[in-house]
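As a plain string of letters, each chain reads:
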Amino acid sequence: MFISIWCEDSKRGIGKNNKLPWNISEEISHFRKTTLNHTILMGKNTFLSIGKPLPKRENIILSKSLNGFKYKDVKIFDDYQEIIDKYKNSSDIVYVIGGKQIYDLFIPLSSKLIVSKLKQSYSCDIFMDNNFDNFSILKIENYSDFDIYYYESNNNQ
């Protein structure tokens, strides 16, 4: 099962110069708590921006250009269909954590979306533009600097 999780600014920006332009500890804590002890899936640039595998999670990178490279505690796939075949109907949760190209591939396959929406703009250069017509809002949690929207795929109902 795929669940896409991300944080976006008030203009739907998700990054600037391949990095997060914000550092909001409460939101980072939410991300950590949600993904801990699960599998996370990311692209090469997201992995390189983090700089290391995230602890206590199975780290998967989808990248054609990293094929053949070895990172300790990281699985590298060069074909997204392999990931789909392995996890689509699995009870294991795979959290899709970016970047944009990976979200574009996996949001249509995601059973849920968890989107932290910041209340300010951060001059981002990468933006989400996905259509959520196939998703319904389950709940919204309010925090001082952001709100977390939980969506469920209408295909699961």
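Everything below is about the structure printed above this text.
Now for a description of the structure that goes with this document. (Residues numbered from 1 in each chain as written. Predicted model: local features only at pLDDT ≥ 70, side-chain atom pairs only at ≥ 80, totals over all residues. Heavy atoms only, no water.)

1. Digging into the side chain of Asp-147
For clarity, the cut-off: Elements are defined by DSSP. Helices are runs of H or I of four residues or more, strands are runs of E of two residues or more, and each kind is numbered from the N terminus. Buried residues are those whose accessible area, probed at 1.4 Å on protein chains only, stays under 20% of the maximum for their type, while exposed residues exceed 50% and partly exposed ones sit between those limits. Each polar contact in these results corresponds to two N or O atoms within 3.5 Å; when the atoms are within protein, one needs to be able to donate a hydrogen and the other to accept it, and residues that are neighboring in sequence are counted only if both atoms are side-chain atoms. Contacts are assigned to residue pairs with any non-hydrogen atoms lying within 4.5 Å of each other.
With respect to the helices and strands, the residue Asp-147 is situated in strand β10 (residues 146-153). Residue classification places Asp-147 among the buried residues on the basis of a relative accessible area of 14%. Engagement of the side chain of Asp-147 in a polar contact is seen with the side chain of Asn-142, the distance being 2.9 Å. Contact partners of Asp-147, with chain neighbours within four places excluded, come to Val-115, Ser-116, Lys-117, Lys-119, Ile-140, Glu-141 and Asn-142.

2. Describing the pattern of salt bridges
What counts is decided by this rule: By definition here, a salt bridge exists when the distance from a side-chain nitrogen of Lys or Arg to a carboxyl oxygen of Asp or Glu is within 4 Å.
Counting across every chain of the model gives six salt bridges. Measuring nitrogen to oxygen at the nearest pair gives 2.9 Å for the salt bridge that ties Asp-129 to Lys-100. Note that Asp-129 is positioned in the loop between β8 (126-127) and β9 (135-142) and Lys-100 in helix α4 (residues 100-106), a separation of 29 residues in sequence. Salt bridges here are not isolated pairs; linked through shared partners, they connect Lys-100, Asp-104 and Asp-129.

3. A look at the nonpolar core
This is how it is decided: Residues belong to a common nonpolar core when they are buried Ala, Val, Leu, Ile, Met, Phe, Trp, Tyr or Cys residues joined through side-chain atoms within 4.5 Å.
In terms of nonpolar packing, the biggest core is built from 23 residues, with Trp-6, Leu-41, Ile-83, Phe-106 and Leu-113 touching the most fellow members. At the level of secondary structure, the elements contributing two or more residues to this core comprise β1 (2-8), β4 (58-62), α3 (80-87), β6 (94-96), α4, β7 (110-118) and β10. Dropping the residues within four chain positions of it, Leu-113 is found in contact with Ser-4, Trp-6, Ile-107, Phe-132, Phe-135, Tyr-149, Tyr-150 and Tyr-151. By size, the runner-up hydrophobic cluster in this structure holds 20 residues, among which are Cys-7, Phe-47, Ile-97 and Cys-124.

4. Looking at the sheet that holds β9
This is how the line gets drawn: The pairing criterion is simple: DSSP has to find at least two bridges between the two strands. Lines fitted to C-alpha atoms define the axes here, with helix axes fitted over just the stretch in contact, and angles between the N-to-C directions of these axes take values from 0 to 180 degrees.
Here eight strands make up an open sheet; going across it, the order is β5-β4-β3-β6-β1-β7-β10-β9 and the pairing mixed. Two strands bound the open sheet, and with one partner strand each, they are β5 (74-77) and β9. When strand polarity is set aside, the average angle formed by the axes of neighbouring strands in this sheet is 25 degrees. Sheet topology note: the strand β3 (residues 39-43)/β6 ladder contains three bridges and is parallel. In the strand pairing of β6, Ile-40 is matched with Tyr-95. Packed on one face of the sheet, helix α1 (residues 25-35) meets β1, β3, β6, β7 and β10 and runs near 170 degrees to β1. Running at roughly 145 degrees to β4, α3 makes contact with β1, β3, β4, β5 and β6 of the sheet.

5. Side note on α1
An α-helix turns once per 3.6 residues; consequently, residues spaced three or four apart project the same way. As a reminder of what qualifies: This arc describes the spread of directions from the helix axis toward the C-beta atoms.
If you check which residues of α1 are buried, you get Glu-27, His-30, Thr-34 and Thr-35. Seen from one end, α1 has its buried residues packed into an arc of 110 degrees, which puts them on one side. Along α1, the residues that are exposed and aim more than 90 degrees away from the buried face are Ser-25 and Lys-33.

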